[in-house]
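Here are the chains, one letter per residue:
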Amino acid sequence: MDSTADPSNEAQGLRLVRAFLSLPPEKRARVIAFVEDLVRAQARTDDGHEVSRDR
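The following refers to the structure shown. (Residues numbered from 1 in each chain as written. Predicted model: local features only at pLDDT ≥ 70, side-chain atom pairs only at ≥ 80, totals over all residues. Heavy atoms only, no water.)

**Quick notes on the overall build of the protein**
Point 1. A tally of helices and strands in the protein yields two helices and zero strands.
Point 2. Taking all 55 residues of the protein together, 4% fall into the buried category. (Helix = DSSP H or I, 4+ residues; strand = E, 2+ residues; numbered from the N terminus. Buried < 20%, exposed > 50% of the residue type's maximum accessible area, 1.4 Å probe, protein only.)

Right under this line is the structure:
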């Protein structure tokens, strides 16, 4: 980890990882799919295309 990072940010990140790992496999898969959708949407907006926010 970055030695200049805020310790509270590191602690929050570790809590998020722990929470993710404690999920059952089917819920982990849903989280991964959701994050992949967010990344794709961000990539489209970076390319100048408008993304619908009607989810």
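**Some details on the pattern of salt bridges**
Point 1. Across all of its chains, the model carries one salt bridge by this definition.
Point 2. Measuring nitrogen to oxygen at the nearest pair gives 2.7 Å for the salt bridge that ties Asp 37 to Arg 40. Taken together, the residues span about one helical turn, with Asp 37 and Arg 40 both in helix α2 (residues 25–46) at a distance of three residues.
Point 3. Judged by its relative accessible area of 43%, Arg 40 is partly exposed. (Salt bridge = Lys/Arg side-chain N within 4 Å of Asp/Glu carboxyl O.)

**Quick notes on a nonpolar patch on the surface**
Point 1. A cluster of nonpolar residues, Val 31, Phe 34, Val 35, Leu 38 and Val 39, forms a patch on the protein surface that exposes about 430 Å² of accessible area.
Point 2. Of the residues examined, Leu 38 reaches a relative accessible area of 46% and is grouped as partly exposed. (Patch = residues over 30% accessible without salt bridge, like charges linked within 9 Å, V, L, I, M, F, W, Y side chains within 5 Å. Areas by Shrake-Rupley, 256 points an atom, 1.4 Å probe, with all protein chains shown as cover.)

**Comments concerning the environment of Leu 23**
Point 1. Topologically, Leu 23 is positioned in the loop between α1 (7–22) and α2.
Point 2. According to the relative accessible area criterion, Leu 23 is partly exposed, its value standing at 25%.
Point 3. Ignoring anything within four residues of it in the chain, the contact list for Leu 23 reads Arg 28 and Val 31. (Contact = heavy atoms within 4.5 Å.)

By themselves, these observations are geometric and do not establish any function.
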